[in-house]
Amino acid sequence: ISRTMKTDIQAVAGLIACAISADGEYDEAERITVAEIAEALEYNEIMFNSAVNNAVDKVTTMDEDQLSSYLSDCASKVDDKEIGMIFEAAMQIILCDGVLKLDEAELIHTMGTALGMSTAMVLMLFADMIKHEPEVEIDFDTDDAEQ
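Residues numbered from 1 in each chain as written. Predicted model: local features only at pLDDT ≥ 70, side-chain atom pairs only at ≥ 80, totals over all residues. Heavy atoms only, no water.

On to the packing of aromatic side chains. According to the stated counting rule, one finds one aromatic pair in the structure shown. For the ring pair Tyr43 and Phe48, a centre distance of 5.4 Å and an interplane angle of 15° mean the geometry is stacked. Each member of the pair Tyr43 and Phe48 is classed as buried. (Phe/Tyr/Trp six-rings, centres within 6.5 Å; stacked < 30°, edge-to-face > 60°. Buried < 20%, exposed > 50% of the residue type's maximum accessible area, 1.4 Å probe, protein only.)

This next bit is on the environment of Leu125. Positionally, Leu125 belongs in helix H7 (residues 119-132). We classify Leu125 as buried; its relative accessible area is 16%. In this structure the C-alpha to C-alpha distance between Leu125 and Phe87, which are 38 residues apart in sequence, comes to 8.6 Å. Leave out the neighbours within four places in its chain, and Leu125 touches Gly84, Phe87, Glu88, Met91 and Met117. (Helix = DSSP H or I, 4+ residues; strand = E, 2+ residues; numbered from the N terminus. Contact = heavy atoms within 4.5 Å.)

This part covers the side chain of Glu104. Of note, Glu104 is situated in helix H6 (residues 102-114). For Glu104, which is buried and forms no salt bridge, the nearest opposite charge comes from Lys101, at a distance of 6.6 Å. Sequence-distant contacts of Glu104, defined by excluding residues within four places in its chain, comprise Ala22, Asp23, Ile94, Asp97 and Val99. (Lys, Arg positive; Asp, Glu negative; His and termini not counted. Salt bridge = Lys/Arg side-chain N within 4 Å of Asp/Glu carboxyl O.)

In this structure, Leu15, Ile16, Phe48, Val52, Phe87 and Met111 are the most contacted members of the largest nonpolar core, which totals 48 residues. Elements that contribute at least two residues to this core include exactly helix H1 (9-21), helix H2 (28-40), helix H3 (45-60), helix H4 (64-76), helix H5 (83-95), H6 and H7. (Core = buried A, V, L, I, M, F, W, Y, C linked by side-chain atoms within 4.5 Å.)

As a further point, take H7. Compared with the 20 Å implied by 1.5 Å per residue over 14 residues, the 20 Å span of H7 between its first and last C-alpha is a close match. Among the residues of H7, Val122, Leu125, Phe126 and Met129 are the ones counted as buried. Viewed end-on, H7 has its buried residues packed into an arc of 100°, placing them on one side of the element. Of the exposed residues in H7, the ones pointing more than 90 degrees away from its buried face are Leu123, Met124 and Lys131. The secondary structure elements touched by the buried residues of H7 are H5, strand E1 (99-101) and H6. (Expected span 1.5 Å × (residues − 1). Arc of directions from axis to C-beta.)

Looking now at the side chain of Asp139. Topologically, Asp139 is positioned in strand E2 (residues 137-139). From its side chain, Asp139 meets the backbone nitrogen of Asp141 in a polar contact 2.9 Å long. (Polar contact = N/O pair within 3.5 Å; in protein donor to acceptor, adjacent residues only side chain to side chain.)

What follows is the structure, encoded as structure tokens:
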């Protein structure tokens, strides 16, 4: 069923940029995933790419407090019926490198909370995604967390 997203493209791009910033670089796997997200959400790919690029430029200059505030602001603009879909898109970005690190897991939790999701719902959606991505490696090493 084709439908138009109610959530503003800038808000989604901002959340995706926060997810991209989790590992500190916007790499090829993330760029491919952004294109897939644009298609899945039925956004114009060129416009979505541009919005994400602008948002990535913006978040790379932010400190932790500014990033948290920006994430909350973007999350508050997400249409209630689209929360799950947009949260899954952010998780896809975080997991597209095939590794989940502790700071990325924290970001998934923070995003879910910012979107108004319960911890249980965040865990359920995350478990559902991992079930379909069995090759994801879980990295518990907290020493290499890039702060």
